[in-house]
Amino acid sequence: MRIGIAGTQTTELIAKSIKETLSDAGFESFYFKNNSKVTMADLVIVLGGDRGVRNYFHSTLDADTPVLGISESESNGALAQIELKELPTYLNRIKKQDYVIEDVPRIGVKIDGKNTYPVLNDVAVFTSKSATLMEHILRINGEEVWHDSSDGVIISTPIGSSAYSMSAGGPVIFQAANVFGIISVNSLDITRRPIIVSDNSIIEIDEISSRLHCDVVLDGIDRFKINSKLEATRFTPPARIIRMKSDSTAISALANKVKLAEELLAMPPSSKLLLKILEYEGSMTQKELASKTLLPDRTVRLAMKHLMEKGYIKRKVSMQDARQKIYEITKLD
């Protein structure tokens, strides 16, 4: 069996260590930074946790090769269930192909008629500045469903339903469901509720207008300016994710988030923001957190100190760079 090793933020040192581990177990492996060699692999190990897996599927040209997501820290993610330190204990099962390959749906996205990369979690439309209303029409298969004014709209896959969508009041969707969720965020219409549609639907957010320009946000990472219309459909092929653990990530994610939500109520706003970023993005450095949240460095330091004192997050030395400290959510039991 030939195993590819990928990860946009992976160091050569970590890749070399994994290659040696795989070689000792009788595997042939290779590390690649682009898509030129992916078709040569029987499976691909993708480092970087859920965020690394999402980034990989944003750019890969071959979604048929199954992916095993690995996190360098404690992992209870929806896409990356295995910790790097656990990998040796799973090699015998990998050799026997004793695992399940799950087809994870992706959303194909068109912005003003132009294709972008497909998303695994969600696609959202918001104004370029928060707390500014956006007017839009939602159409499903060409039929108008609502004409609304709100902070924005989120279209979510089942995997993404326990991320940003859930924070905005959307439902948790079990991963086997062939549906997408649509949430109008903070609508002026107090009767507006999230809706669930078949993943065979053609979803259009049309006639978008605001006093500021609007952006499409893909998987919470990249922003693209939009003038008028977003189209979202099921993308083929789906992402093929290797599952080594039998527990339901939908159920475990929901249980963890319910416990976390109860504790969030008593936290300062800056601590809440950092915790939600770490929950959604995975392990990050202090510099990355400051950049992502746009909070002052001092505010980030105080919020992290509060979260560590309460036991919500912990600090570790990065395996990619021993000089860097990374912060992550403490695993909830």
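Residues numbered from 1 in each chain as written. Predicted model: local features only at pLDDT ≥ 70, side-chain atom pairs only at ≥ 80, totals over all residues. Heavy atoms only, no water.

Observations concerning the environment of asparagine 186
Point 1. Within the element layout of this structure, asparagine 186 appears in the loop between β12 (179-185) and β13 (195-198).
Point 2. Expressed as a C-alpha distance, the spacing of asparagine 186 and serine 150, which sit 36 residues apart in the sequence, is 5.4 Å.
Point 3. Once you skip the residues sitting within four places of it in the chain, asparagine 186 turns out to touch Ser150 and Asp151. (Helix = DSSP H or I, 4+ residues; strand = E, 2+ residues; numbered from the N terminus. Contact = heavy atoms within 4.5 Å.)

A word on the pairing of strand β4 (residues 67-71)
Point 1. The buried count for β4 comes to five of five residues, which makes it a mostly enclosed element.
Point 2. Here β4 shows two buried faces, one formed by Val67, Gly69 and Ser71 and the other by Leu68 and Ile70.
Point 3. The pairing of strand β3 (residues 43-47) with β4 spans four bridges and is parallel. The residue bridging leucine 47 from the neighbouring strand is isoleucine 70, located in β4.
Point 4. As a crossover connection, the stretch from β3 through helix α2 (residues 49-59) into β4 is right-handed. (Buried < 20%, exposed > 50% of the residue type's maximum accessible area, 1.4 Å probe, protein only. Pairing = 2+ DSSP bridges. Right-handed = clockwise from strand over helix to strand, strands pointing away.)

Some points on the packing of helix α6 (residues 269-281) against helix α8 (residues 297-309)
Point 1. The interhelical angle for the contact between α6 and α8, taken along N-to-C directions, is 80°, at an axis separation of 9 Å. The angle between α6 and α8 places the two elements in the roughly perpendicular class. Packed against α6, whose contacting residues are Ser270, Ser271, Leu274 and Leu275, the element α8 presents Thr299, Val300, Ala303, Met304, His306 and Leu307 at the interface. (Axes fitted to C-alpha atoms, helices over the stretch in contact; angles between N-to-C directions. Parallel < 35°, antiparallel > 145°, perpendicular 65-115°, else oblique.)

Looking at the pattern of salt bridges
Point 1. This model, assessed by the stated rule, comprises 13 salt bridges.
Point 2. Two residues, aspartate 98 and arginine 93, come together in a salt bridge whose shortest N-O distance is 3.4 Å.
Point 3. In this structure arginine 93 comes out as partly exposed when scored by relative accessible area, which is 27%. (Salt bridge = Lys/Arg side-chain N within 4 Å of Asp/Glu carboxyl O.)

Let's talk about the packing of aromatic side chains
Point 1. In this structure the tally under the stated criterion is three aromatic pairs.
Point 2. Geometrically, the ring pair formed by phenylalanine 30 and phenylalanine 32 is tilted, given 5.9 Å between the ring centres and 40° between the ring planes. With respect to burial, phenylalanine 30 and phenylalanine 32 carry one shared label: buried.
Point 3. A ring pair is formed by tyrosine 56 and phenylalanine 57, whose centres lie 5.2 Å apart and whose planes are at 85°; its orientation type is edge-to-face.
Point 4. Under the relative-accessibility criterion, tyrosine 56 is labelled buried at 7%.
Point 5. For the cation-ring pair, lysine 95 lies above phenylalanine 27, with the distance from its terminal atom to the ring centre recorded as 5.4 Å. (Phe/Tyr/Trp six-rings, centres within 6.5 Å; stacked < 30°, edge-to-face > 60°. Lys NZ or Arg CZ within 6 Å of the ring centre and 35° of its normal.)

A closer look at the nonpolar core
Point 1. One finds Val123, Ile155, Ile182, Ile203 and Leu230 to be the most contacted residues of the largest nonpolar core, which totals 25 residues.
Point 2. Only β6 (100-111), β8 (122-127), β9 (134-140), β11 (152-156), β12, β14 (203-209), β15 (214-218) and β17 (230-243) provide two or more residues apiece to this core.
Point 3. Residues in contact with isoleucine 182, not counting those within four places in the same chain, are Leu138, Ile140, Trp146, Val153, Ile154, Ile155, Pro194, Ile195, Val197 and Ile203.
Point 4. Membership of the second largest hydrophobic core comes to 22 residues, among which are Ile14, Ile18, Leu68 and Ile242. (Core = buried A, V, L, I, M, F, W, Y, C linked by side-chain atoms within 4.5 Å.)

Details of the sheet that holds β12
Point 1. Reading across from one edge, β13-β12-β11-β8-β15-β16 is the order of the six strands in this open sheet, with antiparallel pairing throughout. For this open sheet the edge positions go to β13 and β16 (222-226), each flanked by a neighbour on one side alone. On average, each strand axis in the sheet is inclined to that of its neighbour by 20°, with strand direction left out of account.
Point 2. Bridge analysis of β11 against β12 gives five bridges, and the strand direction is antiparallel. Considered in β12, the bridge of isoleucine 154 is made with isoleucine 183.

Some thoughts on helix α3 (residues 87-95)
Point 1. Regarding α3, the residues found buried are Leu87, Tyr90, Leu91 and Ile94. Projected down its long axis, α3 carries its buried residues within an arc of 130°, all on one side.
Point 2. One or two steps after α3, the chain reaches glutamine 97, where phi turns positive at roughly 55°. (Arc of directions from axis to C-beta.)

As for the pairing of strand β1 (residues 2-6)
Point 1. The buried fraction of β1 amounts to four of the five residues, a majority that puts the element mostly inside the structure.
Point 2. Here β1 runs beside strand β2 (residues 28-31); their pairing, made up of four bridges, is parallel. When the sheet's bridge partners are listed, arginine 2 is paired in β2 with glutamate 28.
Point 3. Bridging between β1 and β3 involves four bridges; their strand directions are parallel. The partner of glycine 4 across the bridge, within β3, is valine 44.

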